[in-house]
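Descriptive analysis of the structure
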Amino acid sequence: MSILMVTCKEASRIGSEALDRKLGFRERVLLRMHLALCEGCRRVDAQYRFLRRAMSEWVESSFEKDAADQR
Amino acid sequence: MTKPSESVTRFKLEDLEGHRRSLFKFAMLQLRDEAQAEDVVQETLLAAMQGAERYTGQASVRTWLTGILKHKIIDQIRKSVREIATEAVHEEGSGDDFDSLFNERGAHAEKPSDWGSPETALAQKKFFEVLERCMDGLPKNTARIFAMREIMGMDTGEICKETGISATNCGVLLYRARTALRLCLNERWFGARTRR
Ligand SMILES: [Zn+2]
């Protein structure tokens, strides 16, 4: 493993952190490099992003459901 | 009493009652305790009624109510801060940080699957039921932190402050929650669909 590269395990962790804080320059570059080369991690990344979207839609939809039930 | 404004007349008890179930669901996710969840929801609806004149109409009623709920939940969580901080990191089934997903060189042991265009799931009621079941499956404190982040939209700094968890541990817990949910959805929704 080169010091320039992160493993899939590390990339999965950093990818999650990217949703919570601004990554440092080094982390950002390492993650971007890894994603460019690794399809598996691109899928994990897409799944993280989808999960966030699904959570916010879930909040929306449960309130809409409540409102609809009332009518 | 202040003189009735438009916003006061806008809120009748029934209007707010309609949100009770959603508020309860959110509170449950974070508190994992029915009695406590009922309490905070009750307090939220009461506070909303009493403070109706402070509702400016700029945000939706939902945003306004969840804003109040958030504070009630944080108050509740503050009471159990020590419990969360010590338990969370050692929570069941979390010791290995999903090590088995990776081989000894840290690469994916099995290539994660392609969910294609997952957005189409968002149009299906069934999908959200699966998502809820997956959230129910998270360990208690992991679920609490995840809900604070993704449902209440708190930033990690706020979460650390309110729960006494370090920023590092907070990141670990969010990673665990996301990974567990990813695997759960993969198995119960996306996997089932690709296998067909
Ligand atoms: Zn990778």
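Everything that follows concerns the structure shown earlier in this document.
So, a few notes on the structure that sits alongside this text. (Residues numbered from 1 in each chain as written. Chains lettered and ligands numbered in written order. Predicted model: local features only at pLDDT ≥ 70, side-chain atom pairs only at ≥ 80, totals over all residues. Heavy atoms only, no water.)

So, about the interface of chain B and chain A. Each partner contributes residues to the interface: chain B has 48 residues there, and chain A has 34 residues. Summed over both sides, the interface of chain B with chain A buries roughly 3800 Å², with 62% coming from carbon and sulfur. At the junction of chain B and chain A, the tally comes to five salt bridges. For B:Lys111, the salt bridge goes to A:Glu39, with nearest N and O atoms at 2.4 Å. Among the elements of the structure, helix H2 (13–17), helix H3 (20–31), helix H5 (61–79), helix H7 (125–136), helix H8 (140–150) and helix H10 (167–195) of chain B are those that each provide at least two residues to the side of chain B that touches chain A. The element best represented in the side of chain B that touches chain A is H10(B), accounting for 10 residues. Among the residues forming the side of chain B that touches chain A, the class breakdown is 22 nonpolar, 10 polar and 16 charged. (Contact = heavy atoms within 4.5 Å. Buried area = accessible area lost by both parts, 1.4 Å probe. Salt bridge = Lys/Arg side-chain N within 4 Å of Asp/Glu carboxyl O. Helix = DSSP H or I, 4+ residues; strand = E, 2+ residues; numbered from the N terminus. Nonpolar A, V, L, I, M, F, W, Y, C, P; charged D, E, K, R; others polar.)

The next thing to look at is the nonpolar core. With 55 residues, the main nonpolar core has A:Trp58, B:Leu69, B:Phe127, B:Leu131, B:Ile151 and B:Leu185 as its most contacted residues. When contributions to this core are tallied by element, the ones reaching two or more residues are helix H3 (39–70) of chain A together with H3, helix H4 (34–50), H5, H7, H8, helix H9 (156–163) and H10 of chain B. Counting residues domain by domain, this core receives three or more from each of domain 1 (6–79) and domain 2 (81–195) of chain B. In this structure, A:Val6, A:Cys8, A:Leu23 and B:Phe102 belong to the second largest nonpolar core, which totals 15 residues. (Core = buried A, V, L, I, M, F, W, Y, C linked by side-chain atoms within 4.5 Å. Buried < 20%, exposed > 50% of the residue type's maximum accessible area, 1.4 Å probe, protein only. Domains from an automatic or database assignment.)

The next point concerns the packing of aromatic side chains. What characterises a pair of aromatic rings is the spacing of the ring centres plus the angle enclosed by the ring planes. Applying the stated rule across the entire model yields eight aromatic pairs over all chains. Taking 5.4 Å as the distance between ring centres and 75 degrees as the angle between the ring planes, the aromatic pair formed by B:Phe127 and B:Trp189 counts as edge-to-face. One end of the pair, B:Phe127, is in helix H7; the other, B:Trp189, is in helix H10, with 62 residues separating them in the sequence. The class of B:Trp189 is buried, set by a relative accessible area of 8%. Each residue in the set A:Phe50, B:Trp115, B:Phe127, B:Phe128, B:Trp189 and B:Phe190 is aromatic and connected to the rest through ring pairs, giving one cluster. Positioned over the ring face of B:Tyr175 is A:Arg13, at 5.6 Å from the centre of the ring. (Phe/Tyr/Trp six-rings, centres within 6.5 Å; stacked < 30°, edge-to-face > 60°. Lys NZ or Arg CZ within 6 Å of the ring centre and 35° of its normal.)

It is worth spelling out the state of the cysteines at this point. Residue and element names in this part refer to chain B. Under the defined criterion, the tally for this structure stands at one disulfide over all chains. The partner cysteine of Cys134 in its disulfide is Cys184, sulfur to sulfur 2.0 Å. On the sign convention where negative means left-handed, the S-S torsion of about -80 degrees between Cys134 and Cys184 marks this disulfide as left-handed. Of this pair, Cys134 sits in helix H7 while Cys184 sits in helix H10; the two residues are 50 residues apart in sequence, bridging distant segments of the chain. (Disulfide = S-S within 2.5 Å.)

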